[in-house]
Amino acid sequence: MTTGYRPHDEAGAGLLFLREEQLRLAQAMMFLAGRDMAAALEPILTEEKLGSAHYRVLQVLAFSPGIPVSRLQDTLGVTKQSLGRTLGELQERGYLDSEASLRDRRQRLLRLSKEGQAVEARLFAVVRQRLSAAYREAGGAAVEGFRRVMHGMLSETSRAMIADDAAGRRKGRNGT
């Protein structure tokens, strides 16, 4: 029985997942998974007359309700002008609620309205179905490995955002 390890290999060279061809395959699979997910969401976005920018805002507000506009802008990595247009369109449709921060009345905190939650829930149902099917097929150990790989790809800023959002969910958004 062979283990794939050869003493003369460079450190890590015997690990299949670190080979160039496997890294290229992972890159291609991430690209294609993103493309396929976007295609799966497209019918709902078209029906709602929404674009990918609208979807990204709905998505962030779903996992970070009560987020300040400035943090939303940072999270999405878009210009103030671009975000303003998208927020304006979502607000016109009644998909957003906005309130002043208790700490700084000039700061607007955003969350999805009931209508916005309904649209985001329809979109998330597609994501949930595809992720659930993939998770079931892969099994628990693979899902944990996937999470570790994704976490390893996140910047420190993104890791902090995930931690902040998880902490907010644990204690409730209103601080109780």
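Nothing here was measured: the structure is a model prediction, and the numbers come from that model.

Further remarks concern the pattern of salt bridges. As enumerated under the stated definition, the model contains 8 salt bridges in all. One salt bridge in this structure joins E20 and R24, with 3.5 Å as the shortest N-O distance. Here E20 pairs with R24, and both are found in helix α1 (residues 20-48), just 4 residues apart, close to one helical turn. Measuring nitrogen to oxygen at the nearest pair gives 2.9 Å for the salt bridge that ties D36 to R35.

Note on placement: T86 falls in helix α4 (residues 80-92). When neighbours within four sequence positions are excluded, T86 is seen to be in contact with A53, H54 and V57.

Taken over all residues, the pLDDT of the protein chain has a mean of 86, while the share at 70 or more is 85%. Of all the helices and strands in the protein chain, helix α7 (residues 156-171) carries the lowest mean pLDDT, 79, while helix α5 (residues 114-138) carries the highest, 97. This model gives residues 1-9 a pLDDT under 50, and the stretch forms 3 contacts once residues within four places in sequence are excluded.

Turning next to the packing of helix α2 (residues 52-63) against helix α3 (residues 69-76). Packing of α2 against α3 leaves a shortest axis separation of 11 Å and a crossing angle of 120 degrees. Classified by the angle their axes make, α2 and α3 are oblique. Judged by the sense of rotation from one axis to the other, the crossing of α2 with α3 is right-handed. Of the residues in α3, those in contact with R56, V57 and V60 of α2 are L72, T75 and L76. Of the residues belonging to the contact of α2 with α3, the class tally is 4 nonpolar, 1 polar and 1 charged.

This next bit is on the side chain of E120. Counting through the fold element by element, E120 comes out in helix α5. Buried charged residue E120 carries no salt bridge. Nearest counter-charge: R128, at 7.3 Å. Ignoring sequence-local partners within four residues, the contact set of E120 consists of L58, A62 and L112.

Rules used in this analysis
- Residues numbered from 1 in each chain as written.
- Predicted model: local features only at pLDDT ≥ 70, side-chain atom pairs only at ≥ 80, totals over all residues.
- Heavy atoms only, no water.
- Salt bridge = Lys/Arg side-chain N within 4 Å of Asp/Glu carboxyl O.
- Helix = DSSP H or I, 4+ residues; strand = E, 2+ residues; numbered from the N terminus.
- Contact = heavy atoms within 4.5 Å.
- pLDDT = per-residue confidence, 0-100.
- Axes fitted to C-alpha atoms, helices over the stretch in contact; angles between N-to-C directions.
- Parallel < 35°, antiparallel > 145°, perpendicular 65-115°, else oblique.
- Left-handed = near helix turned anticlockwise from the far one by under 90°.
- Nonpolar A, V, L, I, M, F, W, Y, C, P; charged D, E, K, R; others polar.
- Buried < 20%, exposed > 50% of the residue type's maximum accessible area, 1.4 Å probe, protein only.
- Lys, Arg positive; Asp, Glu negative; His and termini not counted.

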